[in-house]
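Report on the structure
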Amino acid sequence: MIAEIVCFSPLGLPKSFMVDIRYPIYPQNRLLDRVAMKVKSAGFGFCTVCGKASYFIVKGESLRESCHCVLCGSSNRQRQLAYVICKVSQLLTGRKAASLRHLAETTELAIYNTEANGSLHEAFRGAKSYHCSEYFGPERSSGEIINGVRHEDLMALSFADSIFDLVISADVLEHVPDPYRAHKEIYRVLKSNGRHIFTVPFYQTEFLDEHRTRMAPNGSITYLMEPEYHSDPLRPEGALVHTVFSLEMLVKLAGIGFRTNLWHLYKPHYGILGPNAIVFEAIKQ
Ligand SMILES: [Zn+2]
């Protein structure tokens, strides 16, 4: 796991040498977070999705799902992903990109986005080797095209082995009934040293995943907890949450063959703030 720390001590040593690092991470709202919630804005900054100087508006009670860029509509969480994608891409290619829009114009990396809508998709769609998909239900087969959009079941992808440099998923895996089967499939389609860069709901203070449902071999779902749904542009009823993840996820990913970095970000000048700005970078070993 890595944490991005940019501060330096008076001795010139990175502050990471001066502070205790511990797990679990006990989330705390900082002063800036509280101000942003109160004034309903995270102020001006640079958007890591559209690559423009912008203004970030807070709506509702969640900083993670809010702080929308007034130019491209990206949320705080989407800019977190964009930031890590740009950093990882620089590591892989040696070329700098400050935003997804810029990255899409220049990159030759083979990228698969598990969504085909939203601001990340809009920024990526011009990229040279870009694939995207949506999930249209169990009656469809992976690889089928529905109204111009590719259908993929993450638990049974139609792609060949080892073809992508980057796979991107933005709060998707919690909606997959067997998320680790999906991680195995993502591992299969990634090239060696390729990355799955993703966000999921993650308990920073816990150790075990929270299983909210159980799926029988015939596909029927048993609810183990009160059903919870997240808003979804393709489903008016919302998308059912099967799992909320925790430290157990990193161990299970290691069992599949990933080495996973946890990026814990705090970058208010990019409209990235709040106590739970966490992005995962699972590297195929
Ligand atoms: Zn933007």
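Throughout what follows, the structure given in this document is the object of discussion. Remember, it's a predicted structure, so these values are computed and weren't measured experimentally.

To continue, consider the coordination of the zinc ion. Cys 47 (SG), Cys 50 (SG), Cys 69 (SG) and Cys 72 (SG) make up the full set of protein donors to the zinc ion, lying at 2.3 Å. Its 4 donor atoms give the zinc ion angles of 103 to 115° at the centre, a pattern that matches the tetrahedral case. Every donor residue of the zinc ion comes from the same chain, spaced as C-x2-C-x18-C-x2-C. For the pair Cys 47 and Cys 50, a shared accessibility class is recorded, and that class is buried.

On to the environment of Asn 117. Its place among the elements puts Asn 117 in the loop between β5 (111-113) and α4 (118-124). Note on Asn 117: relative accessible area 25%, which makes it partly exposed. When the C-alpha atoms of Asn 117 and Pro 138 are compared, they prove to be 20 Å apart, with 21 residues separating the residues in sequence. Apart from residues no more than four positions distant in its own chain, Asn 117 is found in contact with Glu 134 and Pro 233. A distance of 2.5 Å separates a polar atom in the side chain of Asn 117 from a polar atom in the side chain of Glu 134.

Where side chains of opposite charge bring their charged atoms close, a pairing between them can arise. In total, this model carries 16 salt bridges according to the counting rule given. A salt bridge links Glu 65 to Arg 77; the shortest N-O distance between them is 2.8 Å. Here Glu 65 is found in the loop between β3 (53-57) and β4 (68-69), whereas its partner Arg 77 is found in helix α2 (residues 76-93), with 12 residues between them in sequence.

What follows is about the pairing of strand β9 (residues 164-170). Among the 7 residues of β9, 7 are classified as buried, and the element is accordingly described as predominantly covered. As paired strands, β9 and strand β10 (residues 190-199) are joined by 6 bridges and run parallel to one another. Directly across from Ala 170, in β10, lies its bridge partner Thr 199. Since β9 and β10 lie parallel, the crossover through helix α5 (residues 179-189) that links them has a hand, and here it is right-handed.

Glancing now at α5. Burial analysis of α5 places 8 of its 11 residues in the buried class, the great majority of the element. For α5, the full list of buried residues reads Pro 179, Tyr 180, Ala 182, His 183, Glu 185, Ile 186, Tyr 187 and Val 189. Contacts from the buried residues of α5 go to β9, β10, β16 (243-244), α6 (247-256), β17 (258-264) and β18 (278-284).

In this section: the side chain of Arg 64. In this structure, Arg 64 sits in the loop between β3 and β4. A distance of 3.5 Å separates the side chain of Arg 64 from the backbone oxygen of Val 200, its partner in a polar contact. Residues contacting Arg 64, with those up to four places away along its chain left out, are Ser 75, Asn 76, Arg 77, Asp 171, Thr 199, Val 200, Pro 201 and Asn 276.

On to the packing of aromatic side chains. Any two aromatic rings considered together are summarised by their centre-to-centre distance and by the angle between their planes. Applying the stated rule across the entire model yields 12 aromatic pairs. A ring pair is formed by Tyr 83 and Tyr 270, whose centres lie 5.8 Å apart and whose planes are at 40°; its orientation type is tilted. With Tyr 83 in helix α2 and Tyr 270 in the loop between β17 and β18, this residue pair connects regions lying 187 residues apart in the sequence. Classification of Tyr 83 by relative accessible area gives buried; the value is 7%. What makes Tyr 270 partly exposed here is its relative accessible area of 21%. A centroid spacing of 5.4 Å and a plane angle of 25° characterise the contact between Tyr 112 and Phe 164, whose relative ring orientation is stacked. Of this pair, Tyr 112 sits in strand β5 while Phe 164 sits in strand β9, and the two are 52 residues apart along the sequence. Judged by its relative accessible area of 1%, Phe 164 falls in the buried class. Taken together, the ring pairs connect Phe 46, Tyr 83 and Tyr 270 into an aromatic cluster. Over the aromatic face of Tyr 266 sits the side chain of Arg 30, whose NZ or CZ is 3.8 Å from the ring centroid. Stacked on the ring of Tyr 187, the Lys or Arg Lys 284 has its end atom at 4.7 Å from the ring centre.

Parameters at a glance
- Residues numbered from 1 in each chain as written.
- Predicted model: local features only at pLDDT ≥ 70, side-chain atom pairs only at ≥ 80, totals over all residues.
- Heavy atoms only, no water.
- Donors = N, O, S within 2.8 Å, 3.2 Å for Na, K, Ca; no water.
- Tetrahedral: all angles 85-135°; square planar, octahedral: opposite > 155°, others 65-115°.
- Buried < 20%, exposed > 50% of the residue type's maximum accessible area, 1.4 Å probe, protein only.
- Helix = DSSP H or I, 4+ residues; strand = E, 2+ residues; numbered from the N terminus.
- Contact = heavy atoms within 4.5 Å.
- Polar contact = N/O pair within 3.5 Å; in protein donor to acceptor, adjacent residues only side chain to side chain.
- Salt bridge = Lys/Arg side-chain N within 4 Å of Asp/Glu carboxyl O.
- Pairing = 2+ DSSP bridges.
- Right-handed = clockwise from strand over helix to strand, strands pointing away.
- Phe/Tyr/Trp six-rings, centres within 6.5 Å; stacked < 30°, edge-to-face > 60°.
- Lys NZ or Arg CZ within 6 Å of the ring centre and 35° of its normal.

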